[in-house]
Amino acid sequence: MFQVETISAKMLDYYVNRSDALIIDMRREEEYRVSHVKGAENVSYQEIEEGYTFPKGKILVLYCERGGASLKAAKLLGAKGYRTRSVIGGFAAYRGRNLVISR
């Protein structure tokens, strides 16, 4: 079984603006539009399950609302050869400085 690396929500800021990382927000599009981590792309779990492809060679840092779906997605993508990180506690636990809030 593939082992997923997990990171704390606080560690998300470490991956913002890194050229070797891609932050993936797996929440509903409506939630993403309201607020998300700076630079995050909105890709649903369903899209990932259906074979959504990401650039190879990037670290995929995945978060959902609470952490469960991103853990499942990280396992799925890791089994396909991607380097992944799943955020423990998800977006609900994030309190970092790279929060984007739409008005």
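Preceding this paragraph is the structure being described.
Because the structure is predicted, anything quoted here is derived from the model rather than measured.

## A short note on the overall build of the protein chain
Consideration 1: A count of helical and extended segments in the protein chain gives 4 helices and 7 strands.
Consideration 2: Here the C-alpha radius of gyration of the protein chain, 12 Å, is about what a compact globule of 103 residues would show, namely 13 Å.
Consideration 3: By the burial criterion, 42% of the 103 residues in the protein chain qualify as buried.
Consideration 4: Surface accessibility of the protein chain: about 5,900 Å² in total, with carbon and sulfur atoms responsible for 51%.
Consideration 5: Side chains of the protein chain give 17 positive and 12 negative charges; the mean places of these two sets differ by 6 Å.

## Here we look at unusual backbone geometry
Consideration 1: Positive phi, normally seen in glycine, also occurs at Asn-17, with a value near 70°.
Consideration 2: Position of Asn-17 among the secondary structure elements: in the loop between α1 (12–15) and β2 (21–25).
Consideration 3: A residue is classified by how much of its surface remains accessible, and Asn-17, at 65% relative accessible area, is exposed.

## Thoughts on the pattern of salt bridges
Consideration 1: In this structure the tally under the stated criterion is 8 salt bridges.
Consideration 2: One salt bridge in this structure joins Arg-97 and Asp-13, with 3.8 Å as the shortest N-O distance. Remark: Asp-13 occurs in helix α1 and Arg-97 occurs in the loop between β6 (83–88) and β7 (99–101); sequence separation between them is 84 residues.
Consideration 3: The exposure class of Arg-97 is exposed, given its relative accessible area of 70%.
Consideration 4: Asp-13 gets classed as buried once you look at its relative accessible area, which sits at 12%.
Consideration 5: Arg-28 serves as the salt-bridge partner of Glu-31, at 3.8 Å between the closest nitrogen and oxygen.
Consideration 6: A residue is classified by how much of its surface remains accessible, and Arg-28, at 53% relative accessible area, is exposed.
Consideration 7: Here the salt bridges do not stand alone but share partners, grouping Asp-25, Arg-27 and Glu-65 into one network.

## Regarding the packing of aromatic side chains
Consideration 1: Scanning the entire structure with this criterion turns up 5 aromatic pairs.
Consideration 2: Measuring from ring centre to ring centre gives 6.0 Å for Phe-54 and Tyr-82, while their planes differ by 85°; the resulting arrangement is edge-to-face. One end of the pair, Phe-54, is in the loop between α3 (45–49) and β5 (59–63); the other, Tyr-82, is in the loop between α4 (68–79) and β6, with 28 residues separating them in the sequence. Each of the two residues, Phe-54 as well as Tyr-82, counts as buried.
Consideration 3: Between Tyr-63 and Phe-91, the aromatic rings sit 5.6 Å apart at their centres with planes inclined by 20°, giving stacked as the arrangement. Placement of the pair is Tyr-63 in strand β5 and Phe-91 in the loop between β6 and β7, with a sequence separation of 28 residues. Across the pair, exposure class does not vary: Tyr-63 and Phe-91 are buried alike.
Consideration 4: The ring of Phe-91 carries the charged tip of Arg-27 above its face, separated from the ring centre by 3.9 Å.
Consideration 5: Between Lys-56 and the ring centre of Tyr-82, over which it is positioned, the NZ or CZ distance is 4.1 Å.

Conventions we followed
- Residues numbered from 1 in each chain as written.
- Predicted model: local features only at pLDDT ≥ 70, side-chain atom pairs only at ≥ 80, totals over all residues.
- Heavy atoms only, no water.
- Helix = DSSP H or I, 4+ residues; strand = E, 2+ residues; numbered from the N terminus.
- Rg over C-alpha atoms; globule rule 2.2 N^0.38 Å.
- Buried < 20%, exposed > 50% of the residue type's maximum accessible area, 1.4 Å probe, protein only.
- Areas by Shrake-Rupley, 256 points an atom, 1.4 Å probe, with all protein chains shown as cover.
- Lys, Arg positive; Asp, Glu negative; His and termini not counted.
- Charge placed at Lys NZ, Arg CZ, Asp CG, Glu CD.
- Salt bridge = Lys/Arg side-chain N within 4 Å of Asp/Glu carboxyl O.
- Phe/Tyr/Trp six-rings, centres within 6.5 Å; stacked < 30°, edge-to-face > 60°.
- Lys NZ or Arg CZ within 6 Å of the ring centre and 35° of its normal.

As far as function goes, none of this settles anything; it's purely spatial.
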